[in-house]
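Residue strings, one per chain:
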Amino acid sequence: MTANTDMSRTNLLGLSREQMEAFFVSIGEKKFRAAQVMKWIHNEGCDDFDAMTNLSKALRAKLAEVAEVRSPGVIYEGSSSDGTRKWVLEVEDGSYVETVLIPAEGGKRRTLCVSSQVGCSLDCSFCSTGKQGFQRNLTAAEIIGQVWVASRSAGPRRDTSNRAVTNVVMMGMGEPLMNYDNVVPAMKLMLDDDGYGLSKRRVTLSTSGVVPMIERLGDELDVSLAISLHAANDELRNELVPLNRKYNIDSLLDACRGYLAKCSDTRMITIEYTLIKDINDQREHAEQLASILDGLPCKINLIPFNPFPHSGYEKPSRNQTMRFQQWLYELGYTAPVRTTRGDDIDAACGQLVGRVKDRTRRHERYIQSIQIDAD
């Protein structure tokens, strides 16, 4: 189904188990119906109540009157030469969001990069998505709908050892913790056995550092946590990640330690560090990074900057990237370099842009600044 459907009916796609049970009670049915319908929707990729054959005809007819399974509409689906797949999806207001499926380990690992907002409410200086401005938060149905579309493309989930999606990272368009109330129910569906049955270690939330929400998240879920750090001192991070002016590095890393303390098992934080030529790729930056992370159970992912027009930043050379990696190794850290994927379909990290009705006028200001620089 597309986004343009009768809004008077309840969309079951984004309901968590608790919400689904409450829905069935509200229409005079037993709670166990929730598990049945969840399996049809998320395991089987089914959006047709008539096809849900273990439900009575009367219940199927009732559901057709009061409910629907309404996914985002697929506007574009493309495949890269490296196997990466990207979907452009139309959501309720006609805006577009993008989601990307990245294969690895010979296709055994298939990681879906999921968006949480239309555009992004932050304005990180090195991110193409952030320059598009911000429209609104996605609903839980629009978030889990990205997983539903990608999973459904491979057919019903008959074989749990060969899933269409094996991992989910909340690293697409938007800042997930600025949309907490919709992101958390969606992630609960990812983890639920009657949803997508993913391990909490295989669902990762990436944040630029919304400290109060990190603390709140630790009370509700213990999914894997990634921090978009990108700088090891506040002065530089204030420029790259403006949110740092509100929640500085010390407060962010304290929140990370608190999050790990609440996890039910031994866990590590993933530190995302985008390497930008001559900005944060020198030995002093490696030493600062090693210093501030001392004592924090973590791993570092190095991400060479993906250039976009008029960003003012450049990608470091391969030799410089390897030098930075070696410096961290000498300082006691293993820091794999993330391979750029999906360049030929604009699916690379920081390049998801969609189509945003920019209420912030950020995109307009960005274009004006480009024109001024060109004059």
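Residues numbered from 1 in each chain as written. Predicted model: local features only at pLDDT ≥ 70, side-chain atom pairs only at ≥ 80, totals over all residues. Heavy atoms only, no water.

**Things to note about the overall build of the protein chain**
Heads up, the rule is: Under the DSSP-based scheme used, a helix requires at least four consecutive residues in state H or I and a strand at least two consecutive residues in state E, with every element numbered from the N terminus. Using a 1.4 Å probe on the protein chains alone, a residue whose accessible area is under 20% of its type maximum counts as buried, one over 50% counts as exposed, and one in between counts as partly exposed. Every residue pair with non-hydrogen atoms within 4.5 Å of one another is taken to be in contact. For accessible areas, the Shrake-Rupley method is used with a probe of radius 1.4 Å. Any residue's cover is judged against the shown protein chains and nothing else.
Scanning the protein chain from N- to C-terminus turns up eleven helices and 13 strands. The buried share of the protein chain, taken over its 375 residues, is 56%. Residue pairs at least 24 apart in sequence account for 68% of intrachain contacts in the protein chain once pairs closer than 6 positions are excluded. In the form shown here, the protein chain has an accessible surface area of approximately 16,400 Å², with 48% of it arising from carbon and sulfur atoms.

**A look at the side chain of S80**
Heads up, the rule is: In the analysis that follows, any N or O atom pair within 3.5 Å is treated as a polar contact, provided that within protein one partner can donate a hydrogen and the other can accept it, and provided that, for residues neighboring in sequence, both atoms belong to side chains.
Inspection of the secondary structure assignment puts S80 in the loop between β3 (73-79) and β4 (85-90). By relative accessible area, S80 is classed as buried at 10%. A distance of 3.0 Å separates polar atoms of two side chains, one belonging to S80 and the other to D82.

**Things to note about unusual backbone geometry**
Of note, E105 is a non-glycine position whose phi angle comes to about 55 degrees, a positive value. Within the fold, E105 resides in the loop between β5 (96-104) and β6 (109-113). What makes E105 exposed here is its relative accessible area of 56%. Here D278, not a glycine, exhibits a phi torsion of approximately 65 degrees, which is positive.

**Observations concerning the packing of helix α5 (residues 180-191) against helix α6 (residues 211-220)**
Selection criterion: In this analysis, axes come from line fits to C-alpha atoms, helices being fitted only over the stretch in contact, and the angle between any two N-to-C directions falls in the range 0 to 180 degrees. Reported orientations rely on four angle classes, namely roughly parallel under 35 degrees, roughly antiparallel over 145, roughly perpendicular from 65 to 115, and oblique for the rest. Crossings are assigned a handedness: left-handed for a near helix turned anticlockwise from the far helix by less than a right angle, right-handed for a clockwise turn.
Between α5 and α6, whose axes approach to 12 Å, the crossing angle comes to 30 degrees. It follows that α5 is roughly parallel to α6 by the angle criterion. The chirality of how α5 crosses α6 is right-handed. Of α6, the residues touching α5 (which contributes Y180, D181, V184, M187 and K188) are M213, R216, L217 and E220.

**A few points about the nonpolar core**
The cut-off we apply is this: Put simply, a nonpolar core is a bunch of buried Ala, Val, Leu, Ile, Met, Phe, Trp, Tyr and Cys residues held in one set by side-chain atoms that sit within 4.5 Å of each other.
In this structure, L63, M187, M190 and I300 are the most contacted members of the largest nonpolar core, which totals 103 residues. Here I300 is in contact with I271, Y273, L289, L293, L328, Y333, T334, A335 and P336, once residues within four sequence places are set aside.

**Focus: the environment of G332**
Looking at the element boundaries, G332 is found in the loop between α10 (318-330) and α11 (362-374). On the accessibility criterion, G332 (62% relative accessible area) is exposed.

**Section: the packing of aromatic side chains**
Which entries qualify depends on this criterion: Within 6.5 Å between ring centres, the rings of Phe, Tyr and Trp (the latter by its six-membered ring) count as paired, and their orientation is classed by plane angle as stacked under 30 degrees, edge-to-face over 60, tilted in between.
Evaluation of the coordinates by the stated rule reveals four aromatic pairs. Here Y273 and F324 contribute two aromatic rings whose centre-to-centre distance is 5.4 Å and whose plane-to-plane angle is 20 degrees, an arrangement assigned as stacked. Here F324 lies in helix α10 and Y273 lies in strand β12 (residues 269-275), a separation of 51 residues in the sequence. According to the relative accessible area criterion, Y273 is buried, its value standing at 1%. Judged by centre distance (6.0 Å) and plane angle (85 degrees), the rings of F305 and Y313 are edge-to-face. Taken as a pair, F305 and Y313 share a single burial class, namely buried. Members of the aromatic cluster, each reached through a chain of ring pairs, are Y273, F324 and W327.

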